[in-house]
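Notes for the structure review
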Amino acid sequence: MATATTRPQLAHLTAQLDELKAKGTFFKLRLLDDIQAPVCTYDGRKVINLASNNYLGLCNHPKLEEAAIRAVKEHGVGSGAVRTIAGTMRIHMELEEKIARFKNVEACVVFQSGFTANAGTVGSILGKEDFILSDELNHASIIDGARLSRAKIKVFRHKDVAHCEELLQEVANEPGKKLVITDGVFSMDGDIGPVGELAALCEKYGAIMMVDDAHASGVLGRNGRGSVDHFGVHGKVDVQVGTLSKAIGALGGYVCGSRDLIDYLYHRARPFLFSTSHPPSVAATCIAAFDILENEPERIERLWSNTAYFKEQLAGVGFDIGGRTTPASETPIIPIILGDGRKTMEFSKALFEAGLMATGIAFPTVPEGKARVRIIMTSEHTREQLDQALEILTSVARKMSLLETA
Ligand SMILES: *Cc1c(COP(=O)(O)O)cnc(C)c1O
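Keep in mind that this is a model prediction, so the values were computed, not measured. (Residues numbered from 1 in each chain as written. Predicted model: local features only at pLDDT ≥ 70, side-chain atom pairs only at ≥ 80, totals over all residues. Heavy atoms only, no water.)

Thoughts on the pattern of salt bridges
- Enumeration according to the criterion identifies 18 salt bridges in this entry.
- Of the charged contacts, one joins Lys159 and Glu330 as a salt bridge, the two residues approaching to 3.3 Å between their closest N and O atoms. Remark: Glu330 occurs in the loop between helix H12 (298–317) and strand E10 (333–339) and Lys159 occurs in the loop between strand E5 (152–156) and helix H6 (161–170); sequence separation between them is 171 residues.
- Classification of Lys159 as partly exposed rests on a relative accessible area of 27%.
- We classify Glu330 as partly exposed; its relative accessible area is 35%.
- Between Asp229 and Arg222 there is a salt bridge whose closest N-O contact spans 2.6 Å. (Salt bridge = Lys/Arg side-chain N within 4 Å of Asp/Glu carboxyl O. Helix = DSSP H or I, 4+ residues; strand = E, 2+ residues; numbered from the N terminus. Buried < 20%, exposed > 50% of the residue type's maximum accessible area, 1.4 Å probe, protein only.)

Below you can see the structure in the form of structure tokens.
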């Protein structure tokens, strides 16, 4: 039996948790009993899974599994050290070279996660005399990186290129460097960042351009090459971050750019220097995943056709899927906007009990009054599963009086 109860030293935590419970936004972790898949078992209940980032179904692709197992047999389970000491295996370099070729850049560095890629990069390429111009809805890891850099942070309104330009003009005569940063795809609304226009702005003002393609990797651009490819701005974005944890199906993050950028990060990015590298099996899995992106483009086509189909169905029954009160979704991330936090959490729970896993998201992750159930489409859902999901959504929403139409 556990002996440590919460002592008075941590009573302030209990108080905050009580507050969440009173607001109805306290959650328990749902446990996956089997395998990340379109239909799987959470907390002992079989559900249609519209909550994961497993966009292309790679989490259990046989070729990725084989690659991982082979790597364990050949190289063991751990790397034994940080990259700069003794923990760089040939397979780590092979992955970085593969990603660089795929993204059509000089070089690439792989981090332990997308989070550390952002935090480690933003945190190290700027200093306290510099400026960061950041979209208001950028990911938490960018915000943390910006804080770690001690640069001055200027936030522009969501996707507002003119506002970003105003801010650039304000600091144009300051001596520090300027970095403009946006998500390629925004994870809460599923809209696409104006990467092309921001890149042009950076050219005009001599600013550094950086994009976080976590939700665009494997989703946007040819074979899932990301937002730079989607907008056709190769060579105009200095720092491209991607994740290996979402569509790629495994774990990790990477930064793509010039040879000097990557060599600099090898020497200065703190998570690279002070945290152990990936197990070889993870690197092998990711290498196999990029082969799939190159050789099975039909997965991405299925992802987009499933997305179009489901959005049309949802809008048809009268759900607010963004565009009215929030930015319109342009990707496989589909928010169903309900507004009220408690109602949203109750809806998500009722959906689960009816056999559908879809995440409820409330303040502070999204603004107060913009709570939503977020759906993420994958290439592997069948039309039958999607029709069944729509039936569950509709009947539960009607029962809870969340749909106006009869
Ligand atoms: C998920 C996400 C990350 C973090 O990636 P991990 O590999 O899961 O650490 C970074 N940025 C954005 C926009 C994300 O959605």
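That shown, we press on.
Side note on the site of the ligand
- In the vicinity of the ligand, 14 residues are found, and the nearest of them are Gly114, Asp212, Thr243, Ser245 and Lys246.
- Take His215: an N or O atom from its side chain is 3.1 Å from an oxygen atom of the ligand.
- Burial of the ligand by the surrounding chains reaches 86%, relative to a free accessible area of 380 Å².
- Along the lines of polarity and charge, the residues of the shell around the ligand split into two nonpolar, nine polar and three charged. (Near = heavy atom within 4 Å. Polar contact = N/O pair within 3.5 Å; in protein donor to acceptor, adjacent residues only side chain to side chain. Areas by Shrake-Rupley, 256 points an atom, 1.4 Å probe, with all protein chains shown as cover. Nonpolar A, V, L, I, M, F, W, Y, C, P; charged D, E, K, R; others polar.)

Considerations on the packing of aromatic side chains
- Enumeration over the complete set of coordinates arrives at four aromatic pairs.
- A ring pair is formed by Phe111 and Phe272, whose centres lie 6.3 Å apart and whose planes are at 70°; its orientation type is edge-to-face. Of this pair, Phe111 sits in strand E3 (residues 107–111) while Phe272 sits in helix H10 (residues 270–274), placing them 161 residues apart in sequence.
- Classification of Phe111 by relative accessible area gives buried; the value is 1%.
- We classify Phe272 as buried; its relative accessible area is 4%.
- Aromatic side chains Tyr266 and Phe272 sit 5.0 Å apart centroid to centroid with 20° between the ring planes, which places their arrangement in the stacked category.
- Residue classification places Tyr266 among the buried residues on the basis of a relative accessible area of 16%.
- Linked through ring pairs, Phe102, Tyr254 and Phe290 together constitute an aromatic cluster. (Phe/Tyr/Trp six-rings, centres within 6.5 Å; stacked < 30°, edge-to-face > 60°.)

Concerning the packing of helix H2 (residues 62–75) against helix H11 (residues 280–295)
- Contact geometry for H2 and H11: axes closest at 8 Å, N-to-C directions at 150°. Where H2 crosses over H11, the two elements pack in a sense that is right-handed. Across the interface between the two elements, Lys63, Leu64, Ala67, Ala68, Ala71, Val72 and His75 from H2 touch Pro280, Ser281, Ala284, Thr285, Ala288, Ala289 and Ile292 from H11.
- Its residues assigned to classes, the contact of H2 with H11 shows 10 nonpolar, three polar and one charged. (Axes fitted to C-alpha atoms, helices over the stretch in contact; angles between N-to-C directions. Left-handed = near helix turned anticlockwise from the far one by under 90°. Contact = heavy atoms within 4.5 Å.)

Thoughts on the sheet that holds strand E1 (residues 39–42)
- One open sheet accounts for three strands, arranged E1-E2-E11; its pairing is mixed. Each end of this open sheet is capped by a strand with a single partner; those strands are E1 and strand E11 (356–357).
- Two strands pair when backbone bridges link them, and strand E2 (residues 45–49) and E11 are joined in this way by two bridges, in the parallel orientation. Bridge pairing in E11 places Asn49 opposite Met357. (Pairing = 2+ DSSP bridges.)

Here we look at a nonpolar patch on the surface
- Where nonpolar side chains cluster on the molecular surface, the patch consists of Leu17, Leu20 and Phe26 and spans about 220 Å² of accessible area.
- In this fold, Leu20 is placed in helix H1 (residues 11–23).
- Judged by its relative accessible area of 33%, Leu20 falls in the partly exposed class. (Patch = residues over 30% accessible without salt bridge, like charges linked within 9 Å, V, L, I, M, F, W, Y side chains within 5 Å.)

Quick word on the domain arrangement of the chain
- Looking at the assigned domains, one finds that the chain contains domain 1 (21–50 + 297–399) and domain 2 (60–295).
- Summarising the inter-unit geometry, the C-alpha centres of domain 1 and domain 2 are found 27 Å apart.
- In this complex, domain 1 contributes 22 residues to the contact, which on the side of domain 2 involves 22 residues.
- Counting the surface lost from both domain 1 and domain 2, the interface buries some 1600 Å², and carbon and sulfur atoms represent 61% of this.
- At the surface where domain 1 touches domain 2, the tally comes to two salt bridges.
- Arg372 is the salt-bridge partner of Asp189, the closest N and O atoms lying 3.0 Å from each other. (Domains from an automatic or database assignment. Buried area = accessible area lost by both parts, 1.4 Å probe.)

A few points about the sheet that holds strand E12 (residues 359–361)
- With antiparallel pairing, the three strands of this open sheet are ordered in space as E10-E13-E12. Each edge of the open sheet carries a strand with a single partner, namely E10 and E12. Between one strand axis and the next, the sheet turns by 25° as a mean value, whatever way the strands run.
- Examined bridge by bridge, E12 and strand E13 (residues 371–376) share three bridges and lie antiparallel to one another. By the bridge assignment for E13, Thr359 is matched with Arg374.
- Along the sheet, H12 contacts E10 and E13; its crossing angle with E10, the most-contacted strand, is approximately 20°.
- Where helix H13 (residues 341–353) meets the sheet, its contacts fall on E10, E12 and E13, and the angle it forms with E13 comes to roughly 35°.

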